[in-house]
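If you want the building blocks of each chain, they are given just below.
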Amino acid sequence: MPYPKLLEPICVSGITLRNRVVMGSMHTGLEDRARDYPRLAEYFRERARGGVGLVVTGGIAPNRSGWVAPFAGKLASRREVARHRLVTAAVHEEGARVCLQVLHTGRYGYHPLIVAPSPLRAPINRFTPRALGVAGIERQLGDFVRTATLAREAGYDGIEVMGSEGYLVNQFLAPRTNRRSDEWGGSREARARFAIEVVRRTRAAVGADFILMFRISGLDLVEEGSTLEDTLWLAGELERAGVSLFDTGIGWHEARVPTIAGVVPRAAFAWVTRRLKAATRVPVVATNRINDPSVAEDLLAAGVADLVSLARPLLADPQWVAKAAAGRADEINTCIACNQSCLDRVFEGRRASCLVNPRAARETELVVAAARTRRRVAVVGAGPAGLAAAVTAAERGHEVTLFEREAEIGGQFRFAREVPGKEEFHETLRYFRVRLARLGVRLRLGSAPGVEELAGQGFDAIVVATGVRPRAPAIPGLDHPSVISYPDLLAGRRDAGRRVAVIGAGGIGFDVATFLTARRATGKEDALGQFAAEWGIDLDIRAPGGLVPPSAPPARRQVWVLQRKPGRPGASLGATTGWIHRHALRQRGVTFLAGVQYRGVDDRGLHLDAQDGPTCLEVDSIVVCAGQESESAFGEALRSRGLPAESIGGARLAAELDAERAIREGTELAARL
Ligand code: NAP
Ligand code: SF4
C-alpha cells in the first residue's frame, strides 16, 4: 500500500478516523451567511469524498465579540444549529469525521465589539479591544462551552479550540498581550488559566466521546511570546484538562515572519511538532507547508507527528488523499502556496477559491460534467489558460488537440518556476503534463498552426490561449546590449551583471529582483537553515516567541527596482505575500525608486528623472518587466474567417492578467463546451 502511515486509521476520543489526514481549518467566506451553508456543505462533501480523515471547519465564533468581522460565522444559539447539520451530514455521508473550530478573535476581530485580556490594540487592526473584567471572562468561558455543546447537537464529532495564531486564547497566554495582575494574568499559571478552563469546562460539558482538539501555539514568532518551556508545560496541563488531540499553530497573524507562503520550505515547522509530540501522550498534528503525500508520510514515519493537517492543498485538489491512496500521487494538483486566490481573497472580504483549482468553494456553481456530445476541440497555446481548458475539456470526454509553439508546455509558468520561492510552480506543470497524457490529449509541441491549417482540420471548437508578449516600452536605447527581457533572463538565455536596474515593479519585477538577489538552497537542510536565519527564527525556541536577530546573506548583486507611478512599489502584490517580498528584497539591499521617468539607455547605464532630479544608474544590465500585451491577433483572424474560436486568458485581455484568471477562464470555457 502506498503511504502506509498516512493511510493508517487512528482512534481519538473513541472516534475512529480512517486515516491521518486532517483538513485544517480555513476560512472560505461561506461560513458567514446561513444561505451559503448548502455551498459550504458541498465544499466539504467534495473533500470528504476525496478521502480526508477529519475535516475541521473554518473558525466559528462563540459570540459576537469573537466575530472575525461583523456578522461573521457564529454558533451561539439553537437557531444556528440547523445550518451546521448540513455540513456534518455531508461529511458523514462521505465517511469522514468533522470538528467545528471555535475561534474567538479577541483583539484581532475587525469590529468595534472586540475584547481582550488587556486593552492593547493589535498592530494589524485599527480597533482597540475592551479589557475583559472578571465577570466578562466567566461569560466568555460559558460561551465557549455553549458553542461546544451546540456543535455536538449539530452532529460534529468534536471541536477544535483555536488557541494559537494570536487569537483570544493565545492573547491570554502571552505576556505580550496579557498585562493583567489578577488571577487571569501575571504568572505563567495565571495566563494559562483561561485556556485550561476552556478545555476543562468543555470536556465536562461534552463528555469523553467527543474530540477536543486544541491548536496550541508552538511558535508565536512575536516579541514577548511564549518560550518552548512554557508551551510544553501548557500542553501537559491541557492534556490533563481534557484535550484529546493537539494541532500545531505557527506564528501570530501580526508576526513578521512568513509561515505558509511559497518562500517557506516544505514542512519547515515540523520540528516544532516533534518537540510537542515528545512532551505529550495525546496525538499531535503537524501543519504548515505539507502539500505532498511523501512529505507527509516521511513526517509520520519519522515519528514527528501522528497526523498531518493540510488546508490549502485540499482546496487545490479535493482528491489529494484518494489519488495518493490509488498510487496516482503524480496526478495531484499541488498547492503552490501562492495565497493568491485563497487567503488574499479572504483578506479582501471575498470568497476564497484556488488559483490552480477555480472550482474550490464554487462546487455548486462551476460544474464540470460529462459532455452530452463528444466534440473535436483544438486548444492553441499551452500556458495556464490553455492547459486548464485542454484538461477540463478532455475530462468531460471531448477529443482534444493542444498546440504549443514552444518545445515545452507552461507559458509564463515556465518563467515563474525559476524564481527562488516559486519552485512549487514546477508541480503545476507536472500535474498538467501527467493529466494531459492520462486523458489522451494530443499534444503538439513546437507547433503553431496557421488559420487555414486549423480551418482544414474541421474542429468543432477552437480555444485560443495564445497568451501575452512582454511589453517593449518606448525608451530610447532599449536595443542596447545591456537590456534583457525578463523571459530571456528567467529562461537562462541571458545573464545579468553585478549591478542591475529592473524596469517595472509589478509581480514580475519583484520576481526578477528575487531571482537576481536570492541564494538558491542546495538541499532540504540548507533551505531550512537559510530560511530560519533570514527571518530570525530561533530553532531552539529559547527566546520568547522563538525570535532571534535575522542574519541576511550577502547580496549577490546590487539591484534597483523602478516604477513611474508615485507610491509604494509592489502595491499590486497580494495582501498576504507582498510584505514578504518587499521585506526580503530590502534585506538584500534592493533599492526601490518610484515616480521616475525613463530617459534612455546608453553605455553609461539607465538615465532617469528621479524625484531628486536627473540621474544615471550606472548598471551592467537592465531587465524590462513593464507588463504585457495581448497576443490577440490569431483569435481575431480565426473569427473573421468564420471559425468557432473563443479567446481566453492573456489572448483575450492582457490587462491585470494573472494565472488565476487564466486558469479560471480556461476551466469555465471548457466546462460549457
Ligand atoms: P504588472 O503587475 O502590471 O506590472 C507592470 C509594471 O510595469 C508596473 O510596475 C508598471 O509600473 C510598469 N510599466 C507598465 N507600462 C510601462 C511602460 N510603458 N514603461 C515602463 N514601465 C511600464 O505586470 P507584471 O509584473 O508583468 O505581472 C503580470 C501579472 O502577473 C500581474 O497581474 C501580476 O499581478 C501577476 N504576477 C503576480 C505575481 C505575484 O507575486 N503575485 C508575480 C508575478 C506576476 P509604472 O507604469 O508605474 O511604471
Ligand atoms: Fe494553494 Fe494558491 Fe490555491 Fe491558495 S490559491 S490553495 S495557495 S494554490
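Residues numbered from 1 in each chain as written. Chains lettered and ligands numbered in written order. Predicted model: local features only at pLDDT ≥ 70, side-chain atom pairs only at ≥ 80, totals over all residues. Heavy atoms only, no water.

Peer 1: Mind laying out the state of the cysteines, listing which residues take part and the relevant values?
Peer 2: Inspection of the entire model under this criterion finds 0 disulfides. Cysteine Cys625 is unpaired, with the sulfur of Cys616 as its nearest cysteine sulfur at 19 Å. Judged by relative accessible area, Cys625 falls into the buried class, the value being 6%. (Disulfide = S-S within 2.5 Å. Buried < 20%, exposed > 50% of the residue type's maximum accessible area, 1.4 Å probe, protein only.)

Peer 1: Let's hear about the domain arrangement of the protein: which residues, and what values?
Peer 2: Each domain of the protein was delimited in the assignment, giving domain 1 (10-347), domain 2 (376-469 + 629-671) and domain 3 (483-518 + 556-626). Put simply, the middle of domain 2 and the middle of domain 3, counted by C-alpha atoms, are 30 Å apart. The interface of domain 2 with domain 3 comprises 6 residues on the first partner and 9 residues on the second. Summed over the three residues of domain 2 that lose the most area to domain 3, namely Phe415, Val419 and Pro420, the buried surface amounts to 62% of that side. In this assembly, domain 2 and domain 3 are joined by 1 salt bridge. (Domains from an automatic or database assignment. Contact = heavy atoms within 4.5 Å. Buried area = accessible area lost by both parts, 1.4 Å probe. Salt bridge = Lys/Arg side-chain N within 4 Å of Asp/Glu carboxyl O.)

Peer 1: Give a description of empty space enclosed by the protein that names residues and reports values.
Peer 2: Empty space among the atoms can be located by rolling a probe the size of a water molecule over them. Taken as a whole and assessed by the stated rule, the structure comprises 3 cavities of 30 Å³ or more. Around the largest cavity, the lining is made up of 14 residues, and of these Leu173, Ser226, Asp230, Thr231 and Leu234 lie nearest the centre. Looking at the lining of the largest cavity, the elements that each hand over two or more residues are α4 (168-173), α5 (188-206), β9 (211-219) and α6 (228-241). Counting residues per element, the lining of the largest cavity draws most heavily on α6, at 4 residues. When the residues that make up the lining of the largest cavity are grouped by side-chain class, the tally is 5 nonpolar, 5 polar and 4 charged. Reported here for the second largest cavity is a volume of approximately 90 Å³. Considering the residues around the second largest cavity, the lining is formed by 14 residues, among which Cys335, Cys338, Cys342, Cys354 and Leu355 are closest to the centre. (1 Å grid on protein atoms, 1.4 Å probe; cavity = no way out; pocket = protein on both sides within 12 Å on 5 of 7 lines; lining within 4 Å. Points joined across faces, edges and corners; volume = space filled by probe spheres on them. Helix = DSSP H or I, 4+ residues; strand = E, 2+ residues; numbered from the N terminus. Nonpolar A, V, L, I, M, F, W, Y, C, P; charged D, E, K, R; others polar.)

Peer 1: How would you sum up the sheet that holds strand β12 (residues 307-310)? Please name residues and give values.
Peer 2: Read around the closed barrel, the 8 strands follow the order β3-β4-β5-β8-β9-β10-β11-β12; overall the barrel is parallel. In this sheet, neighbouring strand axes are inclined to one another by 30° on average, regardless of whether the strands run parallel or antiparallel. As paired strands, strand β10 (residues 245-250) and strand β11 (residues 284-286) are joined by 2 bridges and run parallel to one another. By the bridge assignment, Phe246 is partnered in β11 with Val284. (Pairing = 2+ DSSP bridges. Axes fitted to C-alpha atoms, helices over the stretch in contact; angles between N-to-C directions.)

Peer 1: Break down the pattern of salt bridges for me, with residues and values.
Peer 2: Counted according to the given criterion, the structure contains 64 salt bridges. Among the ionic pairs, Arg176 bridges to Glu223, the shortest N-O distance being 3.7 Å. Within this pair, whereas Arg176 is found in the loop between α4 and α5, its partner Glu223 is found in the loop between β9 and α6, the two being separated by 47 residues in sequence. When its relative accessible area of 17% is taken as the criterion, Arg176 is described as buried. For the salt bridge of Asp540 with Arg275, the shortest nitrogen-to-oxygen distance reads 3.7 Å. Taken as a pair, Asp540 in the loop between α18 (524-535) and β20 (558-562) and Arg275 in helix α7 (residues 270-279) lie far apart in primary sequence, 265 residues in all. We classify Asp540 as partly exposed; its relative accessible area is 34%.

Peer 1: Give a detailed account of the sheet that holds strand β27 (residues 645-647), specifying residues and quantitative values.
Peer 2: Pairing within the open sheet is parallel, and its 5 strands lie in the order β15-β14-β13-β16-β27. Bordering the open sheet on either side are β15 (442-445) and β27, each of which pairs with just one other strand. Sheet twist, expressed as the average angle between the axes of neighbouring strands with direction ignored, equals 15°. In this sheet, β15 lies alongside strand β14 (residues 399-404) in parallel orientation, the contact comprising 4 bridges. By the bridge assignment, Phe403 is partnered in β15 with Arg444.

Peer 1: Account for the environment of Ala235, naming residues and giving values.
Peer 2: With respect to the helices, strands and loops of the structure, Ala235 is situated in helix α6. Judged by relative accessible area, Ala235 falls into the buried class, the value being 0%. Remark: the alpha-carbon pair of Ala235 and Leu173, spanning 62 residues in sequence, is separated by 12 Å. Sequence-distant contacts of Ala235, that is, excluding residues within four places in its chain, are made with Ile216, Phe246 and Leu276.

Peer 1: Could you give an account of the pairing of strand β19 (residues 499-503), with specific residues and numbers?
Peer 2: Counting buried residues in β19 gives 4 out of 5 residues, a clear majority hidden from the surface. Examined bridge by bridge, β19 and β20 share 5 bridges and lie parallel to one another. Opposite Ala501, over in β20, you have Trp560 as the bridge partner.

Peer 1: Give me the lowdown on the packing of aromatic side chains, citing residues and values where you can.
Peer 2: The tally for this structure, following the rule as stated, stands at 14 aromatic pairs. Between the aromatic rings of Trp184 and Phe194, the centroid separation amounts to 6.5 Å while the plane-to-plane angle is 70°, which identifies the pairing as edge-to-face. Placement of Trp184 in the loop between α4 and α5 and of Phe194 in helix α5 is noted, with a sequence separation of 10 residues between them. Arranged with centres 5.4 Å apart and planes meeting at 20°, the rings of Phe510 and Phe592 form a pair that is stacked. Taken together, the residues Phe510 in helix α17 (residues 507-517) and Phe592 in strand β21 (residues 591-593) connect sequence positions 82 residues apart. Put simply, the rings of Phe144, Phe172, Trp184 and Phe194 touch in pairs and so form one group of aromatic residues. Sitting over the ring of Tyr37, Arg83 keeps its end group 5.8 Å from the ring centre. Between the NZ or CZ atom of Arg193 and the centre of the ring of Trp184, over which it lies, the distance is 4.0 Å. (Phe/Tyr/Trp six-rings, centres within 6.5 Å; stacked < 30°, edge-to-face > 60°. Lys NZ or Arg CZ within 6 Å of the ring centre and 35° of its normal.)

Peer 1: Describe in detail α6, supporting the description with residues and values.
Peer 2: Taking 1.5 Å per residue, 14 residues should reach 20 Å; α6 reaches 20 Å between its end C-alpha atoms and fits that length. When α6 is considered as a whole, its buried residues turn out to be Leu228, Asp230, Thr231, Leu234, Ala235, Gly236, Leu238, Glu239 and Ala241. On its buried side, α6 packs onto α4, α5, β9, β10 and α7. At the C-terminal side of α6, Gly242 shows a positive phi close to 130°. (Expected span 1.5 Å × (residues − 1).)

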